[in-house]
Amino acid sequence: ISNIFNFLLDISFDYSGGILAFIENFDEFVKGENIDKSMLCNEISSGGSELNSLNIIKYKFLSYKNSSIADIPHSSLLELTRMDGATIVKQDDLSLVTCGFIMQNVEPCSYGGGRTAAACSLSKYGYSFKISEDGKITLFVNKKLCFTIN
């Protein structure tokens, strides 16, 4: 837990923002979000073999997919979490599921903007941390704001 907290602080001090979500029941998550493989960053490119910066990050992700986040180099995990969308981790074994995940069914949230609404919505499957670009870290559990670190 201290490694996760230190990681969240690093994202916070980077001022890039991100969402790190820990999913308790992966099957429920897949069913509830109507997920297909293309939403889980499984392919390098949808067209051609060109390696642009996004595809390089996706390539990195594919090399770490299903690895424990404890085994992923810190700098690589930071890079993946900085992507638009959420970084999704299985709660039981801390394995990396996907990065850059954009929810299709974001529920409105009275706490803030789009990233907050996504983090709040993801927390119905476990818990999620939203890291704001201003450095704030917010924890959501069961669609409720639990605490914020400024």
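Thresholds, definitions, all that
- Residues numbered from 1 in each chain as written.
- Predicted model: local features only at pLDDT ≥ 70, side-chain atom pairs only at ≥ 80, totals over all residues.
- Heavy atoms only, no water.
- Core = buried A, V, L, I, M, F, W, Y, C linked by side-chain atoms within 4.5 Å.
- Buried < 20%, exposed > 50% of the residue type's maximum accessible area, 1.4 Å probe, protein only.
- Helix = DSSP H or I, 4+ residues; strand = E, 2+ residues; numbered from the N terminus.
- Contact = heavy atoms within 4.5 Å.
- Pairing = 2+ DSSP bridges.
- 1 Å grid on protein atoms, 1.4 Å probe; cavity = no way out; pocket = protein on both sides within 12 Å on 5 of 7 lines; lining within 4 Å.
- Points joined across faces, edges and corners; volume = space filled by probe spheres on them.
- Nonpolar A, V, L, I, M, F, W, Y, C, P; charged D, E, K, R; others polar.
- Phe/Tyr/Trp six-rings, centres within 6.5 Å; stacked < 30°, edge-to-face > 60°.

Draft legend 1. Up close: the nonpolar core. Formed by 21 residues in total, the largest nonpolar core has its most connected members in L8, F22, I69, L96 and F129. Looking at this core, the elements with two or more residues in it are helix 1 (2–14), strand 1 (18–23), helix 3 (53–64), helix 4 (74–82), strand 3 (96–101), strand 4 (126–131) and strand 5 (137–141). No other element matches helix 1, which puts four residues into this core. With sequence-adjacent residues up to four places away left out, L96 is seen in contact with F61, Y64, K65, N66, S67, I69, I72, L80, T87, I88 and V89. Core analysis: the next-biggest nonpolar cluster, separate from the first, contains 18 residues, I88, V97, A119 and F140 among them.

Draft legend 2. Summary view of the pairing of strand 2 (residues 86–90). Within strand 2, four of the five residues are buried, leaving the element largely enclosed by the surrounding structure. Direction of pairing for strand 1 relative to strand 2: parallel, over a ladder of five bridges. Residue pairing for strand 2: A21 is matched across the bridge by I88. Inspection of the sheet shows strand 2 paired to strand 3 by three bridges, in the antiparallel sense. Within strand 3, the residue paired with V89 across the bridge is L96. As consecutive antiparallel partners, strand 2 and strand 3 are separated by five residues, and within that stretch L94 has a phi angle of approximately 60°, a positive value.

Draft legend 3. How the structure looks around the layout of surface pockets. Put simply, the second largest pocket is a space of about 210 Å³. In this structure, the second largest pocket is lined by N3, I4, N6, F7, L20, I69, A70, I72, H74, L77 and L94. A breakdown of the residues in the lining of the second largest pocket according to their chemical character gives eight nonpolar, three polar and no charged.

Draft legend 4. Broad picture of the packing of aromatic side chains. All chains considered together, the criterion is met by six aromatic pairs. Plain terms: the ring middles of F22 and Y127 are 4.9 Å apart, the flat faces sit at 15° to each other, and that makes the pair stacked. Within this pair, whereas F22 is found in strand 1, its partner Y127 is found in strand 4, the two being separated by 105 residues in sequence. Exposure remark for F22: the relative accessible area of 0% places this residue in the buried category.

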